[in-house]
Amino acid sequence: MATKALEVPPQPYTGEKARLTRAYDYLILVLALFLFIGIFHLHMMLTVGDWDFWQDWKDRQWWPLVTPLMMITFPAAVQAVLWSNFRLPMGATLCISCLLIGAWIARYFSYHLWNYFPINEVMPATMLPSALVLDAVLMLTNSVTVTSIVGGMAFALLFYPSNWPIFGMFHVPVEYNGAQLTIADLFGFQYIRASMPEYLRIIERGALRTYGQYATPLSAFCSAFLCTLMYPLWWYMGKAFATTKYVKNI
Amino acid sequence: MTKTMMHLLGIFCLGLFGLTFAPNAVYAHGEKSLEPFIRMRTIQWYDVRWSQDKPRVNDELVITGKFHVAEDWPRAVPKPDASYLNVSSPGPVFVRTERYVNGQATAGSAALKLGGDYDFKIVLKARLPGRYHIHPFFNLHDAGAVMGPGHWIEVTGVPAAFTNPVKTLNGDVIDMETYGLANGIGWHAFWFALAAAWLLWWVRRPLFIPRNKMLQSGQGDALVTPLDRAIAAGILVVVPLVVFGAQAMTDSQYLNTIPLQTALDQIEPLAPVVNTGLVQVKVQRAEYDVPSRSMTIVTQIRNSSDQPVQIREFASGNVRFINLASHQANQDANQGIDDDTLVAPQGLSIDSPAPIKAGESRIVRLTGTDALWATQRLDGLIRDTDSRLGGLLFLIDATSNRYIASISSAVIPKFD
Ligand SMILES: [Cu+2]
């Protein structure tokens with residue numbers, strides 16, 4: 001039974017052809033791994049940046065708004081390539097896994113070993129549950145429109161709850177000289193960061209107000225709406241660049 | 001020929017290496033990076049002291065000091081509406097356990113008032129062994145880091161000995177160094193495992209060329225099997241269930257969580273310490289002689305106190321020119337002077353050194369000559385957009401009462 005489940009559909013190639021195409025698979029996979037670790041991580045550092053770097057930036061309003069919006073980008077583009085051309089529903093999971101590998105390497109080597117921050121202060125957020133759902137929605141619907149709307153919304157809405165089990169405990173209050181702080185805030189105060197003064201944090205600033213004191217659901221839905229637009233945008237970017245027309249002279 | 005060239009190249013490289021790693025190389029971490037007019041005319045530090053030089057891991061190091069917020073705040077620098085009293089160190093080699101400004105505990109940012117006087121106390125706890133140049137400094141919003149004086153601190157001991165216990169509001173004592181780490185890694189590992197399973201589920205099959213070929217030939221539907229669809233449907237059910245279940249569990253485990261806190265602390269300045277009016281100082285002219293690296297300041301000093309006063313020191317941008325003739329001038333410890341202090345050895349020369357009598361008004365010419373103007377890059381002032389000098393002038397009377405004036409003036413350069 002178990003072996004039957006693992007059987008693959010009938011293949012067009014056998015023998016030497018199958019061996020060569022398989023070698024090509026591994027070549028592409030290894031390249032993709034390093035490429036996405038590099039560029040998606042760079043994209044994340046430049047767009048989400050401090051929101052993902054520090055405990056005391058992971059607020060209830062801007063963090064769940066900005067992170068999914070910026071993190072649905074590469075998954076959409078890579079899904080466009082892998083699904084349209086190969087019927088492989090793993091673009092989002094692949095991108096986010098690569099991103100997290102890069103993020104963990106950076107947090108461990110450069111934040112912890114090189115700059116001495118305790119790792120718990122600089123833990124990255126996870127988007128893997130969102131990515132798995134996005135891949136599954138695309139596969140089951142085979143539709144960019146439905147994936148944009150349902151998948152994009154799910155991607156954003158799952159972000160905060162899937163990270164709350166990791167970061168919730170850093171929101172336990174402590175008393176600091178007559179005022180309450182979260183443990184996350186205390187990290188920011190205690191562990192000296194010369195170039196990251198407290199006032200740079202964006203905590204409930206701007207026109208995005210809490211409504212009836214519900215900040216996170218509002219942000220999450222705002223992010224969900226924006227993700228439904230961001231998804232097709234990056235899908236078509238992925239499509240536009242997944243072509244050989246730029247290299248036909250080679 | 002080539003050999004000579006190689007030797008020359010080798011010598012050149014050695015020279016470069018020597019220049020780069022010379023023992024008195026600049027320990028640059030931003031002390032001199034800002035324009036001189038910002039370092040001289042925003043936060044004016046004085047009386048900065050360190051409680052010890054050689055703490056062991058877990059020992060306390062207390063930095064105390066005072067600062068005056070210059071009245072002549074540069075036009076080019078935003079007003080200090082959000083500023084953060086920080087400590088310059090190579091990362092969190094210390095943790096900051098307490099911080100007070102004017103006796104008031106503060107963990108956030110604060111607004112400062114122009115012309116205000118403040119004192120501060122920062123309590124640090126040594127975390128990592130090593131030798132560090134530690135400064136108090138201010139992050140000024142949209143302006144940069146205005147450094148206070150620096151001091152070499154040598155932390156001894158072993159890093160593993162460091163602990164940072166904190167008591168939460170519900171009474172639990174946690175160690176900040178490890179809190180939540182295992183839990184976080186656990187969740188990441190769990191989702192990684194799931195993601196890896198999903199990726200492997202697909203990667204184990206022949207991928208790109210065969211799948212593309214099948215898709216092109218209209219057999220695309222065979223590429224996704226009923227079992228694949230069942231698993232995907234399972235993901236759509238199980239993943240949200242786990243996510244929302246774990247969220248609910250976290251909520252029930254940590255009942256009282258609060259959002260990140262942010263506040264702008266309101267800290268009133270002290271009763272005036274600088275520019276109290278008892279001894280008034282007006283600058284009539286300031287000249288900087290570039291070749292001799294010498295600043296001459298012509299001041300009009302009016303002593304409205306009831307004691308004769310003497311000029312003791314002029315300090316600007318953490319460089320200190322001390323009137324070596326003033327009594328007590330050599331009591332270095334009393335003035336917080338040590339090996340790390342930027343003191344001009346020739347001091348401050350004064351054209352009329354006799355004490356200024358009570359009620360007297362006198363024109364005094366002060367000259368501070370030292371290479372520190374150049375090495376601390378304060379002489380860049382004359383080529384700045386706002387080439388005004390600022391600093392603190394300290395005067396004392398016979399009973400050691402101190403009068404401080406924050407002075408400022410345009411500077412006229414003498415290029416040769
Ligand atoms: Cu320094």
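Note: the structure precedes this text.
Source: prediction; values computed, not measured.

**Quick notes on the sheet that holds strand β15 (residues 294-303) of chain B**
All names here are of chain B. If you trace the nine strands from one edge of the open sheet to the other, you get β18-β17-β16-β21-β22-β14-β15-β20-β19, paired in mixed fashion. Two strands bound the open sheet, and with one partner strand each, they are β18 (342-343) and β19 (348-350). Looking at chain direction, strand β17 (residues 319-322) and β18 are connected through two bridges and run parallel. By the bridge assignment for β18, Val-319 is matched with Leu-342.

**Thoughts on the pattern of salt bridges**
Per the stated rule, a full pass over the model turns up 20 salt bridges over all chains. Residue A:Glu121 is joined to A:Arg193 by a salt bridge in which the shortest nitrogen-to-oxygen separation is 4.0 Å. Linking A:Glu121 in the loop between α6 (91-114) and α7 (128-141) with A:Arg193 in the loop between α10 (183-190) and α11 (216-241), this pair joins segments that are 72 residues apart in sequence. In this structure A:Arg193 comes out as buried when scored by relative accessible area, which is 5%. Of the charged contacts, one joins B:Asp72 and B:Arg41 as a salt bridge, the two residues approaching to 3.1 Å between their closest N and O atoms. Separated by 31 residues along the polypeptide, B:Asp72 in the loop between β2 (60-69) and β3 (83-88) and B:Arg41 in helix α2 (residues 36-41) bring together distant segments of the chain. Since its relative accessible area comes to 2%, B:Arg41 is described here as buried. Connected through shared salt-bridge partners, B:Arg41, B:Asp72, B:Asp386 and B:Arg388 make up one network.

**Some details on empty space enclosed by the protein**
All names here are of chain B. Here the structure, examined in full by the defined rule, presents three cavities of 30 Å³ or more. What the largest cavity holds in volume is close to 70 Å³. Around the largest cavity sit Ser-83, Tyr-84, Leu-85, Arg-99, Val-101, Thr-106, Gly-108, Ser-109, Ala-110, Leu-112, Phe-138 and Ile-267, which together line it. Of all the secondary-structure elements, those providing two or more residues to the lining of the largest cavity are β3, β4 (94-101) and β6 (109-111). In terms of residue count, the dominant contributor to the lining of the largest cavity is β3 (three residues). A class-by-class count of the residues in the lining of the largest cavity yields seven nonpolar, four polar and one charged. The calculated volume of the second largest cavity comes to roughly 50 Å³. Taken together, Gln-310, Ile-311, Asn-323, Ile-350, Ser-352, Pro-353, Ala-354, Ile-356, Arg-362 and Val-364 make up the lining of the second largest cavity. Those elements that place two or more of their residues in the lining of the second largest cavity are β16 (309-316) and β20 (361-369).

**What about the interface of chain A and chain B?**
Residue-level contacts link 92 residues of chain A with 98 residues of chain B. The contact between chain A and chain B buries some 8500 Å² in all, and 72% of this surface belongs to carbon and sulfur atoms. Sorting the residues of chain A by area buried against chain B places A:Phe189, A:Ile192 and A:Tyr199 first, and these three jointly supply 9% of that buried surface. The tally of links between chain A and chain B comes to zero salt bridges. Counting across the chain A and chain B interface gives 36 residue pairs in polar contact (both at pLDDT 80 or more). Take the side of chain A that touches chain B: its biggest share by element is nine residues, from α7(A). Among the residues forming the side of chain A that touches chain B, the class breakdown is 60 nonpolar, 18 polar and 14 charged.

**Notes on the nonpolar core**
A:Met71, B:Phe94 and B:Leu389 are the most contacted members of the largest nonpolar core, which totals 178 residues. Looking at this core, the element that brings in the most residues is α6(A), giving 10 residues. Formed by six residues, the second largest nonpolar core is a distinct cluster that contains B:Val274, B:Ala315, B:Leu392 and B:Ile404.

What counts, and at which threshold
- Here the residue index of a chain counts from 1 through its sequence in written order.
- Chain labels run from A onward and ligand labels from 1 onward, assigned in the order the entries are written.
- Only residues with pLDDT of at least 70 are given local features in this predicted model, and only at 80 or more are side-chain atom pairs given and counted; all residues enter the totals for whole chains, interfaces and linings.
- Side-chain descriptors were evaluated using all non-hydrogen atoms of the structure, hydrogens and water having been removed beforehand.
- Strands qualify as paired when DSSP identifies two bridges or more between them.
- Helix and strand definitions here come from DSSP, where helices need a minimum of 4 consecutive H or I residues and strands a minimum of 2 consecutive E residues; each element is numbered from the N-terminal end.
- When a carboxyl oxygen of Asp or Glu lies within 4 Å of a side-chain nitrogen of Lys or Arg, that pair is called a salt bridge.
- Only protein chains enter the accessibility calculation, which uses a 1.4 Å probe; a residue whose area is less than 20% of its type maximum is buried, one above 50% is exposed, and one in between is partly exposed.
- A pocket here means an open set of points on a 1 Å grid, computed over the protein atoms alone, that has protein on both sides within 12 Å along at least five of seven lines. A cavity is instead a set of points where a 1.4 Å probe fits but cannot get out; residues with an atom within 4 Å of a point line either one.
- Grid points are joined across faces, edges and corners, and a volume is the space filled by probe spheres set on the points.
- Under this grouping Gly is polar, as are all residues other than the nonpolar Ala, Val, Leu, Ile, Met, Phe, Trp, Tyr, Cys and Pro and the charged Asp, Glu, Lys and Arg.
- Two residues qualify as a contact provided that any one of their heavy atoms is within 4.5 Å of a heavy atom in the partner residue.
- Accessible area, probed at 1.4 Å, shrinks when two parts are joined; the buried area is that loss added up over both.
- We call two N or O atoms a polar contact when they sit within 3.5 Å, provided that within protein one can donate a hydrogen and the other can accept it, with sequence-adjacent residues counted only if both atoms are side-chain atoms.
- Here the nonpolar core consists of buried residues drawn from Ala, Val, Leu, Ile, Met, Phe, Trp, Tyr and Cys, with membership extended through side-chain atoms lying within 4.5 Å.

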